Amino acid sequence: MHIPRSIERHQLPYYLKVFNRITDKPMGYIGNVSLDGLMLISQLPMLVNARFDMRLKIPGRDAQIHNIDFHATCQWSREDITPGSYDSGFALVAPPSDYVEMVDALRHYFSFRPLQTSA
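So, how was this worked out
Residues numbered from 1 in each chain as written. Predicted model: local features only at pLDDT ≥ 70, side-chain atom pairs only at ≥ 80, totals over all residues. Heavy atoms only, no water. Helix = DSSP H or I, 4+ residues; strand = E, 2+ residues; numbered from the N terminus. Buried < 20%, exposed > 50% of the residue type's maximum accessible area, 1.4 Å probe, protein only. Contact = heavy atoms within 4.5 Å. Areas by Shrake-Rupley, 256 points an atom, 1.4 Å probe, with all protein chains shown as cover. Pairing = 2+ DSSP bridges. Salt bridge = Lys/Arg side-chain N within 4 Å of Asp/Glu carboxyl O. Axes fitted to C-alpha atoms, helices over the stretch in contact; angles between N-to-C directions. pLDDT = per-residue confidence, 0-100.

**Regarding the overall build of the protein chain**
When its secondary structure is counted, the protein chain shows one helix and six strands. N-terminal to C-terminal, the α/β element order of the protein chain is β-β-β-β-β-β-α. Per-residue burial for the protein chain yields a buried fraction of 28% across its 119 residues. In the protein chain, the share of contacts with a sequence separation of at least 24, taken over all contacts with a separation of at least 6, comes to 53%. Taken as a whole, the protein chain presents about 8600 Å² of accessible surface, with 55% of it coming from carbon and sulfur.

**Considerations on the pairing of strand 3 (residues 37–42)**
Consecutive side chains along a regular strand alternate between the two faces of the sheet. For strand 3, the tally of buried residues reaches five of six residues, placing the bulk of the element in the interior. In terms of strand pairing, strand 2 (residues 26–33) meets strand 3 through four bridges, oriented antiparallel. The partner of Ile 30 across the bridge, within strand 3, is Leu 40. Counting the residues in the hairpin turn of strand 2 and strand 3 gives three residues. Sheet topology note: the strand 3/strand 6 (residues 86–93) ladder contains six bridges and is antiparallel. Residue Leu 40 lies in a different strand from strand 6, and its bridge partner there is Ser 88.

**Re the pattern of salt bridges**
Applying the stated criterion to the full structure yields three salt bridges. The residue Arg 21 makes a salt bridge to Asp 53 at a minimum N-O spacing of 3.4 Å. Of this pair, Arg 21 sits in the loop between strand 1 (17–20) and strand 2 while Asp 53 sits in strand 4 (residues 51–59); the two residues are 32 residues apart in sequence, bridging distant segments of the chain. Arg 55 is paired through a salt bridge with Asp 69; the nearest N and O atoms lie 2.6 Å apart. With Arg 55 in strand 4 and Asp 69 in strand 5 (residues 65–79), the pair connects residues that are 14 residues apart, well separated along the chain. For Arg 55, a relative accessible area of 16% gives the class buried.

**What about the sheet that holds strand 6?**
Strand pairing in a sheet takes place through backbone hydrogen bonds and is either antiparallel or parallel in direction. Spatial strand order, 1-2-3-6-5-4: six strands in a closed barrel with antiparallel pairing. Adjacent strand axes in the sheet meet at a mean angle of 45° when their direction is disregarded.

**Considerations on the environment of Asp 24**
One can find Asp 24 in the loop between strand 1 and strand 2. The sequence separation of Asp 24 and Arg 55 amounts to 31 residues, and the corresponding C-alpha distance is 8.0 Å.

**With respect to the side chain of Thr 73**
Looking at the element boundaries, Thr 73 is found in strand 5. Thr 73 gets classed as buried once you look at its relative accessible area, which sits at 19%. Every residue in contact with Thr 73, bar those within four places of it in the chain, is listed here: Asn 49, Ala 50, Arg 51, Gly 89, Phe 90, Ala 91 and Val 93.

**Side note on the confidence of the model for the protein chain**
Low pLDDT marks regions whose predicted coordinates should not be analysed in detail. A residue-level look at the protein chain finds 79% of positions with pLDDT of 70 or above and a mean pLDDT of 83. Segment residues 5–14 is flagged for pLDDT under 50; beyond a separation of four residues in sequence, or across chains, it makes 16 contacts in the model.

Right, here's the structure in full:
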């Protein structure tokens, strides 16, 4: 018996890479994100209690890359179940408005909404 899908499936077209804002070197990828912080997945453990200058490079609708710069303090860091990967939790220090907008946009994009059916 075939049951039609009532929730649209979403694919994430980009991995959200995090960069060191000072050196512009990649630090890792966002594992999850909230208004208060983020989890970084990286190849190296992060220094706990250290403050990092971070940057996200977000593709815009105008085909331009938009930088979101912010400061975050590492709260914890531990080895992931995947060998050679580390998970680190960061608390944001005064998140900028463009970071807040990005979190809201991701929340909206990944929320479960029923498909619109045409009558």
